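Examination of the molecular architecture
The chain contents come next:
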Amino acid sequence: LGDVGGTLLTGLRLLGNDTVGKIGIFDKNIMKIKRWEHEIGQIHFDSHTAPDIVPINEDELFDCDIFVFTVAVSVPPVGGEIKDVRMVQLEKNSKIVSSYAKIAREKNFKGIFAVMSDPVDQLCQAAFEASNQDHTGKLDYLGLAPEQIRGYGLGVMHARAVYYSKKDHRFHTYLEEGRAFGPHGEGLVIANSIKNYDDFLSQKLTSLTVNANLEVRACGFKPYIAPAMSSGCFGILATLRGEWHYSSSFIGGTFMGCKNRLTKAGIELERNHIPSRLMMRLQETYNKLSTK
């Protein structure tokens, strides 16, 4: 229930009335639980129904259809900038997500294990591996199935590409024909169009999108509102509704983001004719994710 978790909770309370019946909230700091239960519980309008907000304890975390991991540690302070803020968080965040993945294993959890913390794709991989190890560390694949784990970080990259496409006419095709692929950060692939792909424009738009968080940091603030809403709130609700959205799925042994939807038969990935230069970029990203 930090910046991302609280913002996500707000969005789900406002927009999830037709999909979500109840939202359990948990934090190690009980005062945060009390604060958010009061604040979000008091968002009300007579003609608008909203999901119930229920404080829970750690033992109840997996009594649900979808568990959402929004923990983030070691977020670099504003002003202490580095090239990729997201990768700095990998080591410590992976330890925490792994601990919850092991609890999910113990609880025989059958719902969706959603990851929103950075770096999303790598943390999905960490959760999968941790959940499927026995007490000796040996992989036995008795934990979370790969299709249960989903990463929500690509939605905001798509939203940021849309933002810049509206500001610069050179990128106008992205609104109708563009696509986002890959991780929420280094290795992101933005295609200006899948019908008339232009590698130069796509690389430029990718660069703007990857560095959009630094623009917010340059203003003196941590960028968490757009990720919580575009990646988290809209992405999670779209998943539950079976709608097309951007998220990371297990593809050939590696978690990687693309447009997809959850159907009764499983995860359906969007299929398109991919130009050769774009396919080269996608393969490069996939290879990098596979080795981390």
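Preceding this paragraph is the structure being described.
What this report covers is the structure whose coordinates are included nearby. Treat the numbers as computed from the prediction; the structure is a model and nothing was measured.

**Some remarks on helix H11 (residues 276–290)**
For H11, built from 15 residues, the straight-helix expectation of 21 Å at 1.5 Å per residue is met to within 8% by its first-to-last C-alpha distance of 21 Å. The inward-facing, buried residues of H11 contact helix H5 (120–131), strand S6 (179–181), strand S7 (189–191), helix H8 (199–210) and strand S9 (254–263).

**With respect to the packing of helix H6 (residues 154–167) against helix H10 (residues 225–241)**
Between two packed helices, the angle of one axis relative to the other and the distance separating the axes together describe the packing. Between H6 and H10, whose axes approach to 7 Å, the crossing angle comes to 105°. When the axis of H6 is compared with that of H10, the two are roughly perpendicular. Two secondary-structure elements touch here, H6 through Leu154, Gly155, Val156, Ala159 and Arg160 and H10 through Ala226, Pro227, Ser230 and Ser231. Residues that form the contact of H6 with H10 fall into these classes: five nonpolar, three polar and one charged.

**Considering the packing of aromatic side chains**
What the rule picks out here adds up to ten aromatic pairs. When the ring of Phe128 is compared with that of Tyr141, the centres are 6.3 Å apart and the planes differ by 40°; the resulting orientation is tilted. A residue pair is termed long-range when its members are at least 10 positions apart, and Phe128 in helix H5 and Tyr141 in the loop between H5 and strand S5 (149–151) qualify at 13 residues. Judged by centre distance (5.0 Å) and plane angle (80°), the ring pair of Tyr163 and Tyr164 falls under edge-to-face. Under the relative-accessibility criterion, Tyr163 is labelled partly exposed at 44%. Residue classification places Tyr164 among the buried residues on the basis of a relative accessible area of 15%. Every member of this aromatic cluster is reached through a ring pair, and the members are Phe62, Phe67, Phe69, Tyr100, Phe109 and Phe113. Taking NZ or CZ as reference, Arg35 lies 4.3 Å from the ring centre of Trp36, over its face.

**Let's talk about the packing of helix H1 (residues 3–15) against H10**
Orientation of H1 relative to H10, taken along the N-to-C sense of each, is 45°, at an axis distance of 9 Å. Classified by the interaxial angle, the pair formed by H1 and H10 is oblique. As H1 runs across H10, the sense of the crossing is right-handed. Contact residues: Val4, Thr7, Leu8, Gly11, Leu12 and Leu15 in H1; Ile225, Ala228, Met229, Gly232, Cys233, Phe234, Ile236, Leu237 and Arg241 in H10.

**So, the pattern of salt bridges**
Overall, the coordinates contain eight salt bridges when judged by the stated rule. In this structure, the salt-bridge partner of Glu39 is Arg35, at a minimum N-O distance of 3.9 Å. Note that Glu39 and Arg35 are positioned in helix H2 (residues 30–41) at a spacing of four residues, about one turn of the helix. Accessibility expressed as a relative area gives 42% for Glu39, which makes it partly exposed. Its relative accessible area of 44% is what places Arg35 among the partly exposed residues.

**Quick notes on H8**
A rise of 1.5 Å per residue sets the reference length of H8, with its twelve residues, at 16 Å; its end C-alpha atoms lie 16 Å apart and thus fit the reference within 8%. Of all the positions in H8, only Leu201, Ser202, Leu205, Thr206, Thr209 and Val210 are classed as buried. What you see down the axis of H8 is that its buried residues fit within an arc of 160°, all on one side. Between the side-chain oxygen of the N-cap and the backbone nitrogen of Phe200 there are 3.1 Å, and the N-cap of H8 in question is Asp198.

**Some thoughts on the side chain of Gln125**
With respect to the secondary-structure elements, Gln125 resides in helix H5. For Gln125, a relative accessible area of 14% gives the class buried. Not counting the four nearest positions on each side in its chain, Gln125 is found in contact with Gly253, Thr254 and Phe255.

Calculation notes
- Residues numbered from 1 in each chain as written.
- Predicted model: local features only at pLDDT ≥ 70, side-chain atom pairs only at ≥ 80, totals over all residues.
- Heavy atoms only, no water.
- Helix = DSSP H or I, 4+ residues; strand = E, 2+ residues; numbered from the N terminus.
- Expected span 1.5 Å × (residues − 1).
- Contact = heavy atoms within 4.5 Å.
- Axes fitted to C-alpha atoms, helices over the stretch in contact; angles between N-to-C directions.
- Parallel < 35°, antiparallel > 145°, perpendicular 65-115°, else oblique.
- Nonpolar A, V, L, I, M, F, W, Y, C, P; charged D, E, K, R; others polar.
- Phe/Tyr/Trp six-rings, centres within 6.5 Å; stacked < 30°, edge-to-face > 60°.
- Buried < 20%, exposed > 50% of the residue type's maximum accessible area, 1.4 Å probe, protein only.
- Lys NZ or Arg CZ within 6 Å of the ring centre and 35° of its normal.
- Left-handed = near helix turned anticlockwise from the far one by under 90°.
- Salt bridge = Lys/Arg side-chain N within 4 Å of Asp/Glu carboxyl O.
- Arc of directions from axis to C-beta.
- Polar contact = N/O pair within 3.5 Å; in protein donor to acceptor, adjacent residues only side chain to side chain.

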